[in-house]
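# Descriptive structure summary
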Amino acid sequence: MEAAARVIARRGVRGLRVEELAAEAGVSTALIYYHFKDRAGILRRTLEFISDRAERYTNEREAQAEPLDPRRELEQTLLLELQDDPVVRENSTAWGELRANAVFDPELREDLAKATLIWVQEIAELLGRVSPMSPAAGLAAAAERLTALLEGLSMRWLSGILPLAHARTLLLEAVAAELERLNRT
């Protein structure tokens, strides 16, 4: 799965060739087809892999670190998606490629929708810890806006349009605006 994420991040979904994936993973093409059946299977499993990997690196905390207050935990979880780390860059690039491909692939679209819903729900839960009196619909809408903004900022950063520090500042400003909106309702 790491090899698939690397190849997709490097070549894009359209540039994904099973032979290159097999070489990157150090296995035969027959083994790739045995495990994934077809190209669609590779894409679905890669989407699962990068979603799981993102969850791991956005939830990582040092064992001896002091617990974060709810707002700081929300901010840190979102900011960890915008860090100049090879794994984060690869993950974000592959996610963007899979998201763009889902426009043309109904099967992948369904899997992407599920992964996105899980992410939105996780952010809504974090927002709920910061603003516990906010209605669930408001939390879900704020989480939807923040995750959509984060995806856009990530693509602009990865494509060199937006400096990383500015993307992170814009994200923190959006978090503040969403929390202010939630506290008014």
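All figures in this text were calculated on a predicted structure; none of them were measured in a lab. (Residues numbered from 1 in each chain as written. Predicted model: local features only at pLDDT ≥ 70, side-chain atom pairs only at ≥ 80, totals over all residues. Heavy atoms only, no water.)

A few words on the environment of Leu-162. Tracing the backbone through its elements, the reader meets Leu-162 in the loop between α8 (136-158) and α9 (164-184). The exposure class assigned to Leu-162 is buried, which follows from its relative accessible area of 12%. When residues no more than four places from it in sequence are discounted, the contact partners of Leu-162 are Leu-153, Arg-156, Trp-157, Ala-167 and Leu-170. (Helix = DSSP H or I, 4+ residues; strand = E, 2+ residues; numbered from the N terminus. Buried < 20%, exposed > 50% of the residue type's maximum accessible area, 1.4 Å probe, protein only. Contact = heavy atoms within 4.5 Å.)

We now examine the packing of aromatic side chains. Aromatic ring pairs are reported here in terms of the distance separating the ring centres and the angle at which the planes meet. Inspection of the entire model under this criterion finds one aromatic pair. With centroids separated by 6.5 Å and ring planes inclined at 75°, the aromatic side chains of Trp-95 and Trp-119 adopt a geometry described as edge-to-face. Within this pair, whereas Trp-95 is found in helix α6 (residues 86-102), its partner Trp-119 is found in helix α7 (residues 106-130), the two being separated by 24 residues in sequence. Among the residues examined, Trp-119 registers a relative accessible area of 16% and is labelled buried. Stacked on the ring of Phe-104, the Lys or Arg Arg-14 has its end atom at 5.4 Å from the ring centre. Taking NZ or CZ as reference, Lys-37 lies 5.6 Å from the ring centre of Tyr-34, over its face. (Phe/Tyr/Trp six-rings, centres within 6.5 Å; stacked < 30°, edge-to-face > 60°. Lys NZ or Arg CZ within 6 Å of the ring centre and 35° of its normal.)

Take helix α5 (residues 70-79) next. If you check which residues of α5 are buried, you get Leu-74, Glu-75, Gln-76, Thr-77, Leu-78 and Leu-79. Contacts from the buried residues of α5 go to α4 (39-59), α7, α8 and α9. A side-chain oxygen of the first residue of α5 lies 3.1 Å from the backbone nitrogen of Arg-71; this N-cap is Asp-69. (Polar contact = N/O pair within 3.5 Å; in protein donor to acceptor, adjacent residues only side chain to side chain.)

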